[in-house]
Amino acid sequence: MKERPIFPLLVSMALPMVLSMTVNALYNIVDSFFVAQISEQAMTALSLVYPVQNMINAIAIGFGVGINALLSRALGQKNAERVNQVAVNGLLLAGLSYLLVLVAGLIGIRAYMRTQTDIETIVNYGITYLNICILCSFGVFVEITFERFLQATGRTVYSMITQLTGAITNIILDPILIFGLLGFPKLGIAGAAWATVIGQCVGAVVAVMLNHFKNPEVHLRLRHIRPNGKLMGEITAISIPSIIMSCISSLTCFVMNMILIAYSSTAVAVFGVYFKLQSFVFMPVFGLNNGMVPIIAYNYGAQKPERIHKTIRLGMVYAVAIMVVGLLVFQLIPKELLLMFDASDAMLEIGAPALRIMSLAFIFAGIGIVSGSACQAFGYSVYSMLISIARQIVVLIPAAYLLSLTGVLRSIWFAFPIAEIFSLILSLFFLRTTLKKTGMALPKAK
């Protein structure tokens, strides 16, 4: 982290995360594909429960961001005692988060489903699925927490193994448990839920074992389990903005659907397809960020501004390269992408220009994402939160609404590149501010 050349270090740290995030993006589509074969109502139920699943993951990942940043900084400072304190208190926060999700979830599941539909079959599908996912959500909290321990110490290959094991287990079990293959009972929508939580628990077991045998910098001992309110507060302060950002994303999808449904349900379907497809472009960039954050945090602790700046610059170059590839694919073969989802003629007519217009946002998004993650690595997660709020709540939704007043559906899609341009400007401003505040800004050349 401190001496290895930045280029090979960033590649070694980021590549495993890029691969694992890409597999997770593939899982989202595969899971939807199998559930859709049960019935359209089952697929509808899965869509309705997505915000709850996203909330659980947001909490786990959000606290993981805080743990990762503080753990990497303590490692850079060579403070072994603080490393273990951060790890233990991070694990305690994960446990408390699970209990909160369990109580709130089990109490509110039925009311949540009833607020969205009164079709009994869909309500029952959703309750069945969520009961299993919430009850066994300890798997995702343990898995993500121990993954962050591995990432913070530079062992991203092991973190990749953890994620791949969980995702592949999930993909394999989906058809087996849903349709009752290989002698297993046919569980339907419950089978999809069990496949999900089993995959998470398998990933959690692998993550714990890899930390125990392959991660000597982080030692978890029973005598270390002493809650530290101040440290928990530091982790939470870094984590909350990440959690809020994920919640904002869910809110944005909901409002966009409300705007588009005024035109047609096909427009909503196109937006849904775009979200699934664009995950293949954005997930590798998020994987790159996961590899970049511990390098920045470590060298911040070690007071190495030159290495920090080189890491950020390389991160931006890689992110832009990924985004350009995604842009070219969306521009050149939008119809072929839509046909993967059995698109109708009407969907192709609306979707092809929509994909081309919305993907223009890719040009600006890469640098903005890297800048926001760099702020998080320094502990200024609030800047990332403000960038996300500004992009989605302040710019994207109002722009989409105002453009919808033209009565031309195609105009609405331009809200996405408009929002990303604004986000790019704001993210660069906050990155510069963060570097100055932390003393990591390089002196101006004479």
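Residues numbered from 1 in each chain as written. Predicted model: local features only at pLDDT ≥ 70, side-chain atom pairs only at ≥ 80, totals over all residues. Heavy atoms only, no water.

**Observations concerning the overall build of the protein chain**
- When helices and strands are tallied, the protein chain shows 16 helices and zero strands.
- Compactness check: the protein chain gives a C-alpha radius of gyration of 22 Å against a globular reference of 22 Å for 446 residues, within 12% of the reference.
- Principal-axis analysis of the C-alpha atoms gives the protein chain an extent of 60 × 55 × 35 Å.
- Among the 446 residues that make up the protein chain, the fraction classed as buried is 54%. (Helix = DSSP H or I, 4+ residues; strand = E, 2+ residues; numbered from the N terminus. Rg over C-alpha atoms; globule rule 2.2 N^0.38 Å. Buried < 20%, exposed > 50% of the residue type's maximum accessible area, 1.4 Å probe, protein only.)

**Here we look at the side chain of serine 97**
- Here serine 97 shows up in helix 3 (residues 80-114).
- Given a relative accessible area of 6%, serine 97 falls into the buried group.
- Within the local environment of serine 97, its side chain forms a polar contact with the backbone oxygen of leucine 93, the two atoms lying 2.8 Å apart.
- Look past the residues within four positions of serine 97 in its chain and what remains in contact with it is Ile59, Phe63 and Phe141. (Polar contact = N/O pair within 3.5 Å; in protein donor to acceptor, adjacent residues only side chain to side chain. Contact = heavy atoms within 4.5 Å.)

**Regarding the packing of aromatic side chains**
- Evaluation of the coordinates by the stated rule reveals 13 aromatic pairs.
- Centroid distance phenylalanine 271 to phenylalanine 416: 5.9 Å. Interplanar angle 45 degrees. Geometry classified as tilted. You can see phenylalanine 271 sitting in helix 9 (residues 265-301) and its partner phenylalanine 416 sitting in helix 16 (residues 415-438), a full 145 residues away along the chain.
- Relative to phenylalanine 430, the ring of tyrosine 383 has its centre 4.5 Å away and its plane inclined at 15 degrees; by these criteria the two rings are stacked. In this pair, tyrosine 383 sits in helix 14 (residues 381-404) while phenylalanine 430 sits in helix 16, placing the two residues 47 residues apart along the sequence.
- Residue classification places tyrosine 383 among the buried residues on the basis of a relative accessible area of 8%.
- Classification of phenylalanine 430 as buried rests on a relative accessible area of 11%.
- A connected cluster of aromatic rings, assembled from ring pairs, spans Phe271, Tyr274, Phe282, Phe286, Phe330, Phe362 and Phe416. (Phe/Tyr/Trp six-rings, centres within 6.5 Å; stacked < 30°, edge-to-face > 60°.)

**Side note on the pattern of salt bridges**
- Evaluated as defined, the whole model comprises three salt bridges.
- Between glutamate 147 and arginine 148 there is a salt bridge, with its nearest N and O atoms 3.7 Å apart. Across the pair, exposure class does not vary: glutamate 147 and arginine 148 are buried alike.
- With a shortest N-O distance of 3.6 Å, glutamate 420 and arginine 391 are connected by a salt bridge. (Salt bridge = Lys/Arg side-chain N within 4 Å of Asp/Glu carboxyl O.)

**Here's the deal with the packing of helix 3 against helix 8 (residues 229-261)**
- In the contact formed by helix 3 and helix 8, the axes pass within 9 Å of each other and the chain directions differ by 70 degrees. Of the possible angle classes, the one that applies to helix 3 and helix 8 is roughly perpendicular. Of helix 8, the residues touching helix 3 (which contributes Arg82, Gln85, Val86, Asn89, Gly90, Leu92 and Leu93) are Leu231, Met232, Glu234, Ile235 and Thr236.
- Of the residues assigned to the contact of helix 3 with helix 8, the class counts are six nonpolar, four polar and two charged. (Axes fitted to C-alpha atoms, helices over the stretch in contact; angles between N-to-C directions. Parallel < 35°, antiparallel > 145°, perpendicular 65-115°, else oblique. Nonpolar A, V, L, I, M, F, W, Y, C, P; charged D, E, K, R; others polar.)

**Quick word on the confidence of the model for the protein chain**
- When pLDDT is averaged across the protein chain, the result is 83; 93% of the residues are at 70 or more.
- The weakest mean pLDDT in the protein chain belongs to helix 1 (residues 6-36) at 71; the strongest belongs to helix 15 (residues 409-412) at 93. (pLDDT = per-residue confidence, 0-100.)

**Examining helix 5 (residues 138-152)**
- Here helix 5 is 15 residues long and its end C-alpha atoms lie 21 Å apart, about the 21 Å a rise of 1.5 Å per residue gives.
- Counting buried positions along helix 5 gives 13 out of 15 residues, so the element sits mostly inside the fold.
- Two residues or fewer past helix 5, glycine 154 is found with a positive phi of approximately 85 degrees. (Expected span 1.5 Å × (residues − 1).)

**Some points on the packing of helix 3 against helix 4 (residues 120-135)**
- Relative orientation of the contacting elements helix 3 and helix 4 amounts to 180 degrees, with a least axis distance of 9 Å. The orientation of helix 3 with respect to helix 4, classified from their angle, is roughly antiparallel. On helix 4, the residues touching Tyr98, Val101, Leu102, Gly105, Leu106, Ile109, Arg110, Tyr112, Met113 and Arg114 of helix 3 are Glu120, Ile122, Val123, Gly126, Ile127, Leu130, Asn131, Ile134 and Leu135.
- Of the residues in the contact of helix 3 with helix 4, the class split is 13 nonpolar, three polar and three charged.

**Overview of the environment of glycine 439**
- For glycine 439, the position within the fold is in the segment after helix 16.
- Among the residues examined, glycine 439 registers a relative accessible area of 48% and is labelled partly exposed.
- Along the chain, glycine 439 and proline 227 lie 212 residues apart, while their C-alpha atoms are 31 Å from each other.

**A short note on the environment of leucine 99**
- With respect to the helices and strands, leucine 99 occurs in helix 3.
- Overall, leucine 99 belongs to the partly exposed group, its relative accessible area being 48%.
- Separated by 36 residues in sequence, leucine 99 and leucine 135 place their C-alpha atoms 9.6 Å apart.

**Here's the deal with a nonpolar patch on the surface**
- There is a patch of nonpolar side chains on the surface, built from Val324, Val325, Leu328, Val329, Leu332 and Ile333 and spanning about 510 Å² of accessible area.
- Residue position: leucine 332 is located in helix 10 (residues 305-332).
- Here leucine 332 falls in the exposed class, since its relative accessible area comes to 65%. (Patch = residues over 30% accessible without salt bridge, like charges linked within 9 Å, V, L, I, M, F, W, Y side chains within 5 Å. Areas by Shrake-Rupley, 256 points an atom, 1.4 Å probe, with all protein chains shown as cover.)

**Brief notes about the state of the cysteines**
- Overall, the coordinates contain zero disulfides when judged by the stated rule.
- In this structure cysteine 133 is a free cysteine whose sulfur lies 8.3 Å from that of cysteine 136, the closest cysteine sulfur available. (Disulfide = S-S within 2.5 Å.)

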